[in-house]
Amino acid sequence: MVKSTNKESYNKIFSKLKEHHKLFENSIPLIASENITSPAVREAIISDFGNRYAEGWPGERVYAGCRYIDDVEFECMNLAKKLFKAKFADVRSISGVVANLVVYSAFSNPGDIMIAPSIPAGGHISHGKKEHSGTAGLVHGLEIEFYPFDAESMTIDVDKTKQKVEELKKIGRLPKIAMFGGSLFLFPHPVKELADFLKSFDIHINYDAAHVAGLIAGGKFQDPLREGADTVTMSTHKTLFGPQGGLVLGSEKHEDGIKKATFPGLTSSHHIHHMAGKAIAFAEALEFGKDYAIQIIKNAKVFAQSLNDAGFKVLGESRGFTESHQVAVNVLEYSDGGKVEVDLEKANIIVNRQLIPGDIKAGRNYFHPGGIRLGVSEITRLGMKQDEMKEIALYIKQVVIDKKDPKKILLKVKKFRENYQKVHYCFDNKLGAYEYIKLR
Ligand code: DSN
């Protein structure tokens, strides 16, 4: 039971929001699924669009009062199509999970099979089995088969996947959907290597670009729509510039299924303020996305190499550690991913623990997995470059390997952060990256 007065609770929320802003102003944010939005996106998401409904398709809404919303949504769709060179874009999914559910609903039925990466092999919870409470199994009733994964090269094994699909066909479990992409995503997935094979079985190919969308948009990762993916799903706030939201891409032949599954299937309000924010972010990505993607990959590679030089076991070594915004580190020599996450947070270095290949077989679980995952999207957007990556790797070494007092490293981290308080790769950055805006 809450003991405080209503006004005390009200005030408490604002003080916690401010403390949170302060924390991020003074931290090194390395969560690979997060990014910082520009002041322009923040302006869009506090607009009155957030108080409205605009059910249906622009121009064919269920409600009145949508004329400007329609204009923004058409612009948003056009920007998304231009950014990803897609024939069709539905910008209404409110998250990456919903975007995946749109594809499951439009192109499969409960009881169908989907082949996807397992979580230690990088799969996302929305690709998962019912017994793990994964969205695909729990919500849409899909049965999940996992791709054979090669831990050395940290990607899906092409030949073994072909064998597995042939075997699944023989036992009457031919997949209806093949899902590529995921959460731990260091190297491109073999879409072009498998597309013709999968299509010869009439398997729908979806590519979950949530993590790498900004790199694809910048032309610096793979190009799934040209490589054979039928549809592409994503969230809009990892290597893209936010705000939180989802996006589904496809061609004309997928349009009807995607539209119906999105509305009325999976959304009523599509969070119209965030739709406007996405439009701003797509315009920023078209203008600045290539330079941003180039810098992300440079940063990730230097970061991985520096961690490796510091003594860490960085995954994907035989392939140069990473081609994305992510770096994955096996920390078992020093501790486990859960404890490392906690120790680093004491120094304001924000990372997440990560299941890595081999963890489940070895009996490790999500609370104490073998790895941590680091992402450079946000620190790159704050203007950091290769030298800063070397410095951050050193702080991590001092906490994890040298077991220095995290409170001492915290002082260094706060000092280090002083110079990086603006959002880069955007049209306007008058407001500080984590500046708290009081409207009351
Ligand atoms: N769990 C986050 C990820 O890392 O992919 C977002 O879904």
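To keep things clear, this report deals only with the structure shown in the data block. Note that the coordinates shown come from a computational prediction; the quantities given were computed from them, not determined experimentally. (Residues numbered from 1 in each chain as written. Predicted model: local features only at pLDDT ≥ 70, side-chain atom pairs only at ≥ 80, totals over all residues. Heavy atoms only, no water.)

Here the focus is helix H14 (residues 386-400). Relative to the 21 Å expected for 15 residues at 1.5 Å per residue, H14 spans 21 Å between its end C-alpha atoms, a close match to the ideal helical length. Buried within H14 we find Glu 388, Met 389, Ile 392, Ala 393, Tyr 395, Ile 396, Gln 398, Val 399 and Val 400. (Helix = DSSP H or I, 4+ residues; strand = E, 2+ residues; numbered from the N terminus. Expected span 1.5 Å × (residues − 1). Buried < 20%, exposed > 50% of the residue type's maximum accessible area, 1.4 Å probe, protein only.)

So, about the nonpolar core. In terms of nonpolar packing, the biggest core is built from 108 residues, with Tyr 207, Phe 303 and Ile 396 touching the most fellow members. At 15 residues, the largest contribution of residues to this core is made by helix H11 (residues 272-309). Once residues within four sequence positions are removed from consideration, Ile 396 is found in contact with Leu 30, Phe 303, Leu 307, Phe 312, Leu 344, Ile 349, Leu 374 and Ile 401. Residues Met 114, Ala 116, Leu 142 and Met 179 belong to the second largest nonpolar core, which totals nine residues. (Core = buried A, V, L, I, M, F, W, Y, C linked by side-chain atoms within 4.5 Å. Contact = heavy atoms within 4.5 Å.)

Along the chain, Ile 205 turns up in strand S10 (residues 204-208). Distance from Ile 205 to Phe 107, taken between C-alpha atoms, is 9.9 Å for residues 98 residues apart in sequence. Not counting chain neighbours up to four residues away, the residues in contact with Ile 205 comprise Ala 178, Phe 180, Ala 195, Leu 198, Lys 199, Gly 228, Ala 229, Asp 230 and Thr 231.

Another aspect to go through is the sheet that holds strand S14 (residues 326-330). Taken in spatial order, the four strands line up as S13-S14-S17-S16 in an open sheet, and their pairing is antiparallel. Each of the sheet's edge strands pairs with one partner strand only, and the pair in question is strand S13 (313-314) and strand S16 (352-354). Taken together, the two bridges between S13 and S14 define a ladder with antiparallel strand orientation. Of the residues in S14, the one forming a bridge with Val 314 is Val 329. Across the face of the sheet, H11 comes into contact with S13, S14 and strand S17 (371-375) while running at roughly 15° to S14. (Pairing = 2+ DSSP bridges. Axes fitted to C-alpha atoms, helices over the stretch in contact; angles between N-to-C directions.)

A few words now on the site of the ligand. The ligand sits among Ser 33, His 124, Ser 183, His 211, Lys 238 and Arg 373. Between the ligand and Arg 373, the relevant distance is 2.7 Å, taken from an oxygen atom to a side-chain nitrogen or oxygen of the residue. Of the residues contributing to the shell around the ligand, the split by class is no nonpolar, four polar and two charged. (Near = heavy atom within 4 Å. Polar contact = N/O pair within 3.5 Å; in protein donor to acceptor, adjacent residues only side chain to side chain. Nonpolar A, V, L, I, M, F, W, Y, C, P; charged D, E, K, R; others polar.)

Next up on the list: the packing of aromatic side chains. Given two aromatic rings, their pairing is described by the distance between the two centres and the angle made by the two planes. Counted by the stated rule, this structure contains 15 aromatic pairs. Consider the rings of Phe 312 and Tyr 334, whose centres lie 5.7 Å apart with planes at 70°: the pair is edge-to-face. Taken as a pair, Phe 312 in the loop between H11 and S13 and Tyr 334 in the loop between S14 and helix H12 (337-346) lie far apart in primary sequence, 22 residues in all. These aromatic residues form a ring-pair network of at least three members: Phe 185, Tyr 207 and Phe 221. The cationic tip of Lys 259 hangs over the ring face of Trp 57; the distance from NZ or CZ to the ring centre is 4.1 Å. Seen from the ring of Phe 187, Arg 319 lies directly overhead, with NZ or CZ sitting 4.2 Å from the centre. (Phe/Tyr/Trp six-rings, centres within 6.5 Å; stacked < 30°, edge-to-face > 60°. Lys NZ or Arg CZ within 6 Å of the ring centre and 35° of its normal.)

Counting buried positions along strand S12 (residues 246-250) yields five of five residues, so the element is predominantly enclosed. Residues Gly 246, Val 248 and Gly 250 of S12 are buried on one face, and the alternating residues Leu 247 and Leu 249, pointing to the opposite face, are buried as well. Here three bridges tie strand S4 (residues 88-90) to S12, and the two strands are oriented antiparallel to one another. Of the residues in S12, the one forming a bridge with Phe 88 is Gly 250. Bridging between strand S11 (residues 231-235) and S12 involves four bridges; their strand directions are antiparallel. When the sheet's bridge partners are listed, Val 232 is paired in S12 with Leu 249.

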